[in-house]
Structures are given as structure tokens and as C-alpha cells.
Amino acid sequence: MYLKRLKLINFRNYKELELDLNEKLNIFVGNNAQGKTNIVEAIYMSSLGKSFRTSKDKELIMFNRNQSYIKVEGQKKYSNVEVEIKLVANKKKRIKVNKLSLSKNSEILNNIYVVIFSPEDLRLIKEGPSERRKFMDNELSQMKPYYFHNLNSYNKILIQRNHLLKNMRGKDNEFMLEVWDEKLIDVGVKIIEERARFVKRITPLSRLIHRKITNNRENLEVTYLSNIDYVEDTNKLKDMFKKQLKEALKIDIKRGTTTVGPHRDDLGVFIDKIDIRSFGSQGQQRTCALSLKLAEIELVKGETGEYPVLLLDDVMSELDINRQNFLIKALKDVQLFITTTEINNLEELNMDEAFIFHVENAQVNRSR
Ligand SMILES: Nc1ncnc2c1ncn2[C@@H]1O[C@H](COP(=O)(O)OP(=O)(O)OP(=O)(O)O)[C@@H](O)[C@H]1O
Ligand SMILES: [Mg+2]
């Protein structure tokens, strides 16, 4: 799919902005703190309904204003899609898709598909497990709204369970704990199974891409490190979860927190059996991150029939020429949004048909 138009009112530093977008390549050039990432952020919002930079919607509203508006129009293979988001300070945001108000904001998912690649994503491999869980969660949420829903439920149940653990006294609470355990296991198992499926798909895709980037030199292996010993059978998995909760109960009560469950999952990343999370060189870790991200694009395409749009925020200058080259070749069917402070860094790009936007203090001017 691709995006055709973007409109912002009182969003971050934009008082008012309307842009026609290029079907293939959009480049936003400008000095630091001028508003490049803000545009990328707005596009991301139209896909997931939330920012990748903050969980506080209020921060997205222009200083000293109390409302903000985003509209993104996109073209899919067989249909148009229009997403509008209205943010009002201290109120729940309101979202419309194709002019219809959503009763639940999570219904925004599955309309506009976006993959973002930022300098933080380049650190996906060397960061802690939470970043890799976020990688799984964002993609799964986007493609499968019920996953997002389950994840939210799981986190709420977890908070309740932890609260109870902190206040464990007597039999009453033991009974209550069993009730929460049931719920935690029920939803938790759904999350585990989706993640297992996700990793199973992303593994061969990323391996193939990684072999191409490294000229067949490296074999990438991505594995699901499930905190609950994974078995394919749902009932057995539930039993396993239950067993592990029971075994951890003493520690959980002592620490006042739940120490087992999918909130402790991770991804293993290996090259020729070596754990790249700990032993990879910086370059290897970056290349693995790139392979995973590109695999993610193929996965979205496979699941939805549409290529997602790719947001490359400040990332090109961090890749060497070979990797830039590979990226551009691999992405010829994908609409790109690239931000950069220095356009000369993008020498590998074919700029013939690109739109180049110059961003200066929230003013955006297209030079071609
Ligand atoms: N709610 C807001 N209201 C007004 N201005 C804001 C708001 N939030 C952020 N800004 C301003 O937006 C600017 C940052 O924009 P952005 O992050 O898009 O910069 P950038 O062009 O991507 O810069 P860099 O190259 O450093 O990444 C800052 O000047 C910041 O003060
Ligand atoms: Mg930026």
C-alpha cells in the first residue's frame, strides 16, 4: 500500500500542514529539531493509534493548544483508506476510519500498515529483552488486532496478580490468586502461541535476507525463547504455565511480582550458533537487526497482501554503502519515508522520481 496525503493540525510543532506524498520515495531533509521525526510519528500514529516515542498523547498536542488532528489517506490494492485521529487534552482520543467513528480505538489496527526503522531498531539485538518483545508485539498487534487486545488484558491481569502477591495473607487471597492465575494462563497462552507462530515465520525469511546481505557468509537463526517451556499442544502449554507459576510462587510472594510468563520472553539471535546478543560485533548486530526488519516487511505482505510503508527515521546515515544499497534494492516495491539531516548521505538512492521536502522550523517546502 502507499500513502497519498497527510494533514496535521496542532500536532507537535506543526500548526497546520498538508502534504501530497510520492508513491515511492519521500525524503525529509532538515537540521535537527525542525520537525522531521514529527511527520514520521504522525504516520506511525495512523497505523497503530499511538506514538513510538511517548505513551502520553498529551505530548503530541502543540504546546499551549488543547486539540490536535491527524489525517492520513492511503491507497491499497483494492480500496482507499482514510484514518483521522483527534486528540483532545485530558480526553480519550477519537479515531475515524473512512469517516466512521470507531467504538474501540484498537479497531484502527489493520488499516494502514507501517514498519518503522530507527536508530533504536538498529540496537534491537544488543538491547535488553523488552525491546525484542516490543518487536514481536508491534508487528503482531498491527496484523492481528485480537493479539493487541490479549496483550492489554494480559498486562492488566498481571498488575492485579502482582498487587495480590504484595498483599498475600491467609486463605482468602490464595483463592483469589487461583482465579487470577486461571486468567493469566488463559490469555498468556494465546500470546505465547502467536509469538511462536510469528518467530516460526520470521526465521526463514530473515535467514534468507541475511544470507543475501552477507553474500552467503552468515547463517542467521532466530529462535523464540519462551519463558514458559513451549509445547505445541495448547492444553499441555497451559499445564506447563500452571506448573511454573506454582514452582515460582514462593519467590513471587517474596518479591511481590510475577516472575514467570510471556512478559519475560525473549528472542534468541544466533549466527552459526553464536549468540549475537552477547557476542556479536556491532556490525553483525546491526545487520541482524536489518535482516529482521526486512523480514518483518515480507511478513506483513504475506499476512495482509499489502506491503507496509517503511519509515526510515535517521537510519540511512548509520548504514554503510553496501547495506544502504541492499536496503534500497530489497525495497523497490515499498513506499519509503526517509528523514535525514544531510541529503548527500543518500547517494545510493535513485532520486529521479522522489519528492524532496525541506523541513525548517515546522515549515515544509518541496523542492521537486
Ligand atoms: N507538543 C509540541 N508542541 C510544539 N512543539 C513540539 C512539541 N513536541 C515537540 N516539539 C518540537 O518539535 C521539535 C522536534 O521535532 P522532531 O523530533 O521532528 O525533530 P527532527 O527534525 O526529527 O530532529 P532530529 O534531526 O534531531 O531528529 C523540537 O523543536 C520540539 O521542541
Ligand atoms: Mg528526528
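Residues numbered from 1 in each chain as written. Chains lettered and ligands numbered in written order. Predicted model: local features only at pLDDT ≥ 70, side-chain atom pairs only at ≥ 80, totals over all residues. Heavy atoms only, no water.

**Let's talk about the UniProt feature "binding site: ATP" (unreviewed entry) in the protein chain**
Defined as follows: UniProt positions are given in the numbering used here, feature names are shortened, and annotations may be inferred rather than shown by experiment. The helix count covers DSSP runs of H or I at least four residues long, the strand count covers runs of E at least two residues long, and both are numbered beginning at the N terminus. Only protein chains enter the calculation, and the probe is 1.4 Å; a residue is then buried if its accessible area is under 20% of its type maximum, exposed if over 50%, and partly exposed in between. Only heavy atoms enter the contact rule, under which two residues are in contact if any of them lie within 4.5 Å.
Using the residue numbers shown here, the UniProt feature "binding site: ATP" (unreviewed entry) corresponds to G30, N31, N32, A33, Q34, G35, K36 and T37. Take G30: it is sitting in the loop between β3 (25-29) and α1 (36-48). The buried category is assigned to G30, whose relative accessible area is 10%. G30 has contacts with K36, T340, T341 and V359, leaving out every residue within four places of it along the chain. Take N32: it is sitting in the loop between β3 and α1.

**Quick look at the pattern of salt bridges**
Close approach of charged atoms allows side chains of opposite charge to pair. Using the following cut-off: The term salt bridge refers to a pairing of a side-chain nitrogen on Lys or Arg with a carboxyl oxygen on Asp or Glu at a separation within 4 Å.
Counted under the stated rule, the structure contains 28 salt bridges. Note that E120 is salt-bridged to R123, the shortest N-O span being 3.8 Å. By relative accessible area, which is 44% here, E120 ends up partly exposed. In this structure R123 comes out as partly exposed when scored by relative accessible area, which is 31%. One network of salt bridges, with partners in common, ties together K144, E194, R197, R201 and E303.

**Notes on the sheet that holds strand β14 (residues 355-360)**
In a beta sheet, neighbouring strands are held together by backbone hydrogen bonds and run either parallel or antiparallel to one another. Under the convention used in this document: Only strands that DSSP links by at least two bridges are regarded as paired with each other. With axes taken as lines fitted to C-alpha atoms, and helix axes fitted only over the stretch in contact, angles between N-to-C directions fall between 0 and 180 degrees.
The six strands are arranged β8-β12-β13-β3-β14-β15 in an open sheet whose pairing can be described as mixed. Of all the strands in the sheet, the pair left with one neighbour each is β8 (114-117) and β15 (363-366). Each strand of the sheet is rotated relative to its neighbour by a mean of 20°, with strand direction disregarded. Pairing of strand β12 (residues 309-313) with strand β13 (residues 336-340) involves four bridges; the strand directions are parallel.

**Considering the environment of K96**
Within the secondary structure, K96 sits in strand β6 (residues 94-97). If we ignore the near neighbours within four places in the chain, the residues touching K96 are E82, V83, E84 and S101.

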